[in-house]
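Observations on the model geometry
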Amino acid sequence: MPADPADLSLATTAVTAGRPAREPDAPLNTPLTMASTYVAGGDLEYGRYANPTWTAFEDALGALEGGRCLSFASGLAAVATVFDLVGTDAIVVAPRHAYHGSVAQLADLESRGRLTTVLVDLEDTDAVVKACDDAALVWLESPTNPALEIADIPAITAAAHAAGAYVALDNTFATPLLQRPLDDGVDLVVHSATKFLAGHSDAVMGAIVTRDDALYDVMKGRRDLLGAIPGTLEAWLALRGLRTLHLRVERSQANAQDLVRRLAAHPAVTEVRYPGFGGIAAIVLDGADRADLLTRSTHLWVHATSLGGVESTFERRRRWRTEAPTIPEGLVRMSVGIEDVEDLWTDLEQALDRAR
Ligand SMILES: Cc1ncc(COP(=O)(O)O)c(C=O)c1O
């Protein structure tokens, strides 16, 4: 008897969901369907509306998050589609230290009179709950990028729903393996699939997952109209990456937990930020110059933006003009990869010794 997918662990779901039907001569893996159009009269019709390779990725991520998934051209295309949900003059509550691209989108919309943004300190739950009162949309990101703050998701979601607001949560850092926000009542989960989901620093893609059929239809309608669709190859790569998500997240988290302990004892490090789970940490050095010296002094760790790949990367976030001014100049965000942890530490330690 076939296993009920709902009874499977997420590790098994990552491997099995979104496969072609099991029948003689069917490929095990979903092929790349390169098509701009389809023979009329079916469900697909045109390449901006649907693609079987996207569908396979959407089925797999939907199964992991526990909802219905839509894939997008990028994480920010998915974010923009969610912000587009609310009407003119709506109030959107968002974390002050959310990903700077998401905050920049809100600022851009506000500057054009489209909505009003209320930025909050995410860990001040009382303040966030109070801000929910007048909101149409509460945008959460937990952990935040790069401050690594954590939201009280159930409390904020309850307050937002009591006020009649939607709640959307950017789950890029945690992945569905470490946090399933739809189980806490969140309406929309958003991903930069570019990061852990695809996991190999070779594709840019985004996704939205929801259990609400009406919201799904609205999001799908926006995607059809705006054309913010992923490339077929990107969807295929992201699905291939998803197959090992559990192994990569487990190793990257174990490496991060080990490194965080060692980093806290190094004299060049004035602060370590780590939410206790996941593969992303941040350290604060005494000023931009020391942090820049660190990022120039490693052989294994690559100075690069983005995160969630198999390779360890790090970045001084305030090198971006648009990063929040409340993020310390010397903060270096670290995306811990799946290499050997001793090799990672040896490389980091010699670079930190230089940056003292
Ligand atoms: C938390 C988070 N959300 C969204 C995005 C945007 O995703 P993308 O670069 O795929 O558009 C990023 C990118 O760094 C991110 O870190």
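Please refer to the structure placed before this passage.
Within each chain, residues carry numbers counting from 1 in the order of the written sequence. Totals for whole chains, interfaces and linings use all residues, but because this is a predicted model, local features are given only for residues with pLDDT of at least 70 and pairs of side-chain atoms are given and counted only at 80 or more. Hydrogen atoms and water are omitted, and side-chain values are computed over all heavy atoms in the structure.

**Comments concerning unusual backbone geometry**
- At the junction of Ser142 and Pro143, the peptide bond is cis and its omega measures out at -5° in the coordinates.
- Strands here are runs of E lasting at least two residues and helices are runs of H or I lasting at least four, both read from the DSSP assignment and numbered beginning at the N terminus. Position of Pro143 relative to the elements: it lies in the loop between β4 (137-141) and α6 (153-162).
- At the junction of Asn145 and Pro146, the peptide bond is cis and its omega measures out at 5° in the coordinates.
- Following the sequence through the fold, Pro146 ends up in the loop between β4 and α6.
- Although it is not a glycine, Asp25 adopts a positive phi angle of roughly 70°.
- Mapped onto the secondary structure, Asp25 falls in the loop between α1 (10-16) and α2 (52-65).
- The backbone of Thr175 shows a phi angle near 65°, a positive value even though the residue is not glycine.

**Some details on the site of the ligand**
- Residues are classed as near a molecule or strand on a simple rule: at least one heavy atom within 4 Å of it. Taken together, Ser74, Gly75, Leu76, Tyr99, Glu141, Asn145, Asp170, Thr172, Ser192, Thr194, Lys195 and Met205 are the residues near the ligand.
- Here an oxygen atom of the ligand sits 2.6 Å away from a polar atom, N or O, in the side chain of Thr194.
- At 2.9 Å from an oxygen atom of the ligand is found a side-chain nitrogen or oxygen belonging to Lys195.
- Considered on its own, the ligand offers 390 Å² of accessible surface; in the complex 91% of this is hidden by protein.
- Note on residue classes: Ala, Val, Leu, Ile, Met, Phe, Trp, Tyr, Cys and Pro are nonpolar, Asp, Glu, Lys and Arg are charged, and everything else, Gly too, is polar. A per-class count over the shell around the ligand returns three nonpolar, six polar and three charged. Polar contacts, as used here, are pairs of N or O atoms within 3.5 Å; protein pairs need one atom able to donate a hydrogen and one able to accept it. Residues neighboring in sequence count only if both atoms are side-chain atoms. Each accessible area is a Shrake-Rupley estimate made with a 1.4 Å probe; only the visible protein chains count as cover when residues are assessed.

**What about the packing of α2 against helix α9 (residues 232-242)?**
- Here α2 crosses α9 at 35°, and the two axes come no closer than 8 Å. Where α2 crosses over α9, the two elements pack in a sense that is left-handed. Contacts from Thr53, Trp54, Ala56, Phe57, Ala60, Leu61 and Leu64 of α2 reach α9 at Thr232, Ala235, Trp236, Ala238, Leu239 and Leu242.
- For the contact of α2 with α9, the residue count by class is eleven nonpolar, two polar and no charged. Here the axes come from fitting lines to C-alpha atoms, over the contacting stretch only for helices, and the angles between their N-to-C directions go from 0 to 180 degrees. Crossing chirality is assigned from the near helix's rotation relative to the far helix, an anticlockwise turn below a right angle marking it left-handed and a clockwise turn marking it right-handed. Whether two residues touch is decided by their heavy atoms; if any such pair falls within 4.5 Å, the residues are in contact.

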